[in-house]
Amino acid sequence: MSSPAVTNYVDAAIANLRRHNFMRTPEELPEAMRDPSIEAWDDWVGWKPIESTVTGGDLDALEQETGLAYPPLYREFLQYRHFVNLTEVGVRFEPHLCGEWRDTLRQAYFESWPRERILDAGLIPFGAETFMDAGSVCFDTRRRVADGDCPVVFWDHEWMGTDKEIRPLFSNSRKMFECLERMASADLNFIYHDESEDAALLPRKQELLAQFLAIDPAGAGGEAREYWTGWGVAPMT
């Protein structure tokens, strides 16, 4: 049975996409994930999440290939639902399509990013950073804690070889899922604001951002605070 941290986030993210009519993709879909009840727009077809077909044995085999163990909650995440996309504020997860998810992850591990800078350095890539298009978002297994969880970081290709190459996002995967669930449950992007947007939205964004940071005081609200507060919204204190 999956942890509420995982299920609450995934369910909230899917609900958010449905509210905003974003359940379409231009990509090829497995038949099981096509949703004919969603009207197609040109080459964009409707998709639906389905129960994951991923087994513990599948994940054990991938861990053996990489030599790195997944955080337990990430294993649960991969075994909960197949999806095309979820939230994409700060973190964009790799697409998790039935029949294709394994190849997608292998490409992220061995082809998409410099292996010597990421996988061989103890980082497990599982998505991409979205605000700056900096590079991969990863679990940092070099700082694993007692329950097997890991900090969540992103690799910034523009700062390769400097102390800014690996930068923090969340203190661990549990806090990541809890923070992203807060983000998915909101009906606005409370991380970003600029002069083109309605100024009346800013107080609500500040309130939501403060709640988001408080969920992970050591990570998003601590060592990664500069990242999450650098997009035009100052949290309400």
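As a reminder, the structure under discussion sits directly above these lines.
These lines cover the structure that appears in this document, whether it is placed above or below.

The rules behind the values
- Residues numbered from 1 in each chain as written.
- Predicted model: local features only at pLDDT ≥ 70, side-chain atom pairs only at ≥ 80, totals over all residues.
- Heavy atoms only, no water.
- Axes fitted to C-alpha atoms, helices over the stretch in contact; angles between N-to-C directions.
- Helix = DSSP H or I, 4+ residues; strand = E, 2+ residues; numbered from the N terminus.
- Parallel < 35°, antiparallel > 145°, perpendicular 65-115°, else oblique.
- Left-handed = near helix turned anticlockwise from the far one by under 90°.
- Contact = heavy atoms within 4.5 Å.
- 1 Å grid on protein atoms, 1.4 Å probe; cavity = no way out; pocket = protein on both sides within 12 Å on 5 of 7 lines; lining within 4 Å.
- Points joined across faces, edges and corners; volume = space filled by probe spheres on them.
- Nonpolar A, V, L, I, M, F, W, Y, C, P; charged D, E, K, R; others polar.

Packing of helix H2 (residues 56-66) against helix H4 (residues 101-112) brings their axes to within 12 Å, and their N-to-C directions diverge by 15 degrees. One element, H2, and the other, H4, form an angle in the roughly parallel class. Our pair here, H2 against H4, has a crossing hand that is right-handed. Between H2 and H4, the contacting residues are Asp58, Leu59, Leu62, Glu65 and Thr66 on the first element and Trp101, Arg102, Leu105, Arg106, Tyr109 and Phe110 on the second.

A few words now on the layout of surface pockets. Each pocket or cavity is described by its volume, and for the largest pocket that value is around 420 Å³. Lining of the largest pocket is provided by 19 residues; of these, Asn16, Leu17, Phe22, Glu88 and Val89 occupy positions nearest its centre. Counting residues per element, the lining of the largest pocket draws most heavily on helix H1 (residues 4-19), which supplies three residues. Classifying every residue of the lining of the largest pocket by side-chain character gives eleven nonpolar, five polar and three charged. Taken as a whole, the second largest pocket holds about 240 Å³ of empty space. Lining the second largest pocket, in full, are Met132, Phe154, Lys164, Arg167, Pro168, Glu223, Ala224, Glu226, Tyr227, Gly230 and Trp231. Among the elements of the structure, strand E9 (166-170) and helix H8 (225-228) are those that each provide at least two residues to the lining of the second largest pocket. Counted by class, the lining of the second largest pocket contains six nonpolar, one polar and four charged residues.

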